[in-house]
Amino acid sequence: MVTIKSKREIELMREACRVTALTHKAIEEAIRPGITTADIDEIAEKTMKKYGAISAEKGYDPGIKGVPPYPASTCISINDEVIHGVPSKNRIIKEGDIVSVDLVALKNGYNGDAARTYMVGKVSKEAQRLVEVTKQAFFEGIKYAKKGNRIGDVSHAIGEYVKSQGYSVVREFQGHGIGKYMHEDPGIPNYGKAGKGIRLEPGMTLAIEPMVIQGKPDIWELEDGWTIVTQDGSLSAHYENTILITENEPEVLTIL
Ligand code: MF3
Ligand code: CO
């Protein structure tokens, strides 16, 4: 069921999303060669706490038999890791890495979801272009995130833009509605047909999240039951914001 948020709920969404953005800001300031992904995770946890939130990812149970609840406060995925990388004190970030950090702050019962791919030190030209195209794919998509349009219009715009740049979108994971729950209806694929899917209405809050692969779209899941990597070993990037559908242009809630 797709929920339409009330005025009060929208204010609560704004606040959760502000904490999400502040947490990314703290990570952006701290990330550098030599830091571990566990260090980044700790910074995220502390920042959320400082602003009265907790991580909605920590302890998240996907409800899949044999998959343990998610053990950390953030997902950190480096280079050929696409999403759901599990932070570890043994994982040291190095110069030239592209590091995708996906986090969800839960405050006063509402969730704010955003992902960024950070470029650490000097990265290759190709990596930089991938990161920029992934971010732009989000903005191409939300040009269509307007009252009366359909979800498929957003999905189509993202998919076509990514394809036009010579990259692939991940097909197995998608954006989603968000609110009291981290994942609500509708699902929002990063490819699709214009004119299909539900109509957008003011008061919907949606997490739009292009996941882009430099090479072929195929992915594997690692033994840990979480980390998703590219099959061809090529790089991947992720960019996500929580947005609000309004009477006019969408509002991006997770950008300060
Ligand atoms: N934040 C992710 C998303 O964008 C979901 C993370 S799954 C979790 O939808 F297990 F880490 F929580
Ligand atoms: Co999301």
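Refer to the structure printed above.
Note that this is a predicted model, so its numbers are computed, not measured. (Residues numbered from 1 in each chain as written. Chains lettered and ligands numbered in written order. Predicted model: local features only at pLDDT ≥ 70, side-chain atom pairs only at ≥ 80, totals over all residues. Heavy atoms only, no water.)

Enquirer: Tell me about the packing of helix 3 (residues 125–142) against helix 4 (residues 151–164), and name the residues and values.
Expert: Orientation of helix 3 relative to helix 4, taken along the N-to-C sense of each, is 150°, at an axis distance of 8 Å. When you trace helix 3 past helix 4, the crossing you get is right-handed. Taken together, the residues of helix 4 that come into contact with helix 3 (itself represented by Val-133, Gln-136, Ala-137, Glu-140 and Gly-141) are Val-154, Ala-157, Ile-158, Tyr-161 and Val-162. (Axes fitted to C-alpha atoms, helices over the stretch in contact; angles between N-to-C directions. Helix = DSSP H or I, 4+ residues; strand = E, 2+ residues; numbered from the N terminus. Left-handed = near helix turned anticlockwise from the far one by under 90°. Contact = heavy atoms within 4.5 Å.)

Enquirer: Could you give an account of the pairing of strand 8 (residues 184–188), naming the residues involved and the relevant values?
Expert: Both strand 7 (residues 175–177) and strand 8 contribute to a ladder of three bridges, which runs antiparallel. By the bridge assignment for strand 8, Gly-177 is matched with Glu-184. Counted between consecutive antiparallel strands, the loop separating strand 7 from strand 8 contains six residues. (Pairing = 2+ DSSP bridges.)

Enquirer: Which residues make up the nonpolar core, and what values go with them?
Expert: Counting residues in hydrophobic clusters, the biggest one holds 28 residues, and the most contacted among them are Leu-200, Leu-206, Ile-208 and Ile-243. Elements that contribute at least two residues to this core include exactly helix 3, helix 4 and strand 9 (205–208). Counting residues per element, this core draws most heavily on helix 3, which supplies seven residues. Excluding its chain neighbours within four sequence positions, the residues that come into contact with Ile-208 are Phe-138, Ile-142, Val-154, Ile-158, Ile-188, Tyr-239, Glu-240, Asn-241 and Ile-243. (Core = buried A, V, L, I, M, F, W, Y, C linked by side-chain atoms within 4.5 Å. Buried < 20%, exposed > 50% of the residue type's maximum accessible area, 1.4 Å probe, protein only.)

Enquirer: Which residues make up the coordination of the cobalt ion (ligand 2), and what values go with them?
Expert: Within the protein, the cobalt ion (ligand 2) binds to Asp-113 (OD), His-176 (NE2), Glu-209 (OE) and Glu-240 (OE); these donor distances fall in the range 2.0 to 2.3 Å. Of note is the cobalt ion (ligand 2), whose six donor atoms meet at the metal with angles of 51 to 176° in an arrangement that counts as irregular. Written as a sequence motif, the donor arrangement for the cobalt ion (ligand 2) is D-x62-H-x32-E-x30-E. On the criterion of sequence distance, the pair formed by Asp-113 in strand 5 (residues 110–119) and Glu-209 in the loop between strand 9 and strand 10 (211–213) is long-range, its members being 96 residues apart. (Donors = N, O, S within 2.8 Å, 3.2 Å for Na, K, Ca; no water. Tetrahedral: all angles 85-135°; square planar, octahedral: opposite > 155°, others 65-115°.)

Enquirer: Outline the sheet that holds strand 13 (residues 236–238), supporting the account with residue identities and numerical values.
Expert: Pairing between the strands of a sheet is mediated by backbone hydrogen bonds and can be parallel or antiparallel. The three strands are arranged 6-10-13 in an open sheet whose pairing can be described as antiparallel. Each having just a single partner strand, strand 6 (168–169) and strand 13 make up the two edges of the open sheet. Judged from the three bridges that link them, strand 10 and strand 13 form a sheet pairing that is antiparallel. Across the sheet, residue Val-212 finds its bridge partner in strand 13, namely Ala-237. Along the sheet, helix 3 makes contact with strand 10 and strand 13, crossing strand 13 at roughly 35°.

Enquirer: Please provide a residue-by-residue account of the site of ligand 1, values included.
Expert: Residues in contact with ligand 1 amount to 14 residues; listed here are only the nearest, Glu-57, Asp-102, His-176, His-183 and Glu-209. Within the side chain of His-176, one N or O atom sits 3.1 Å away from an oxygen atom of ligand 1. Side-chain polar atom of Glu-209 to an oxygen atom of ligand 1: 3.0 Å apart, as the coordinates give it. In the complex, the protein chains occlude 96% of the 340 Å² of accessible area that ligand 1 would expose alone. (Near = heavy atom within 4 Å. Polar contact = N/O pair within 3.5 Å; in protein donor to acceptor, adjacent residues only side chain to side chain. Areas by Shrake-Rupley, 256 points an atom, 1.4 Å probe, with all protein chains shown as cover.)

Enquirer: Go over the sheet that holds strand 3 (residues 81–83), please, and point to the residues and values.
Expert: Across the sheet, which stays open at both edges, the three strands sit in the order 3-12-11 with antiparallel pairing between neighbours. Looking along the sheet, the strands with just one partner apiece sit at the ends: strand 3 and strand 11 (219–221). In this sheet, neighbouring strand axes are inclined to one another by 40° on average, regardless of whether the strands run parallel or antiparallel. Across two bridges, the pairing between strand 3 and strand 12 (residues 228–230) is antiparallel. Each residue of the ladder has a partner; that of Ile-83, found in strand 12, is Ile-228.

Enquirer: Would you mind going over the environment of Ile-76 in detail, with residue names and values included?
Expert: Looking at where Ile-76 falls in the secondary structure, it is placed in strand 2 (residues 75–78). Residue class for Ile-76 comes out buried when judged on its relative accessible area of 3%. When the C-alpha atoms of Ile-76 and Ser-88 are compared, they prove to be 9.3 Å apart, with 12 residues separating the residues in sequence. Among all residues touching Ile-76, those that are not within four sequence positions of it are Thr-37, Ile-40, Asp-41, Glu-81, Gly-85, Val-86, Pro-87, Val-99, Ser-100 and Val-101.

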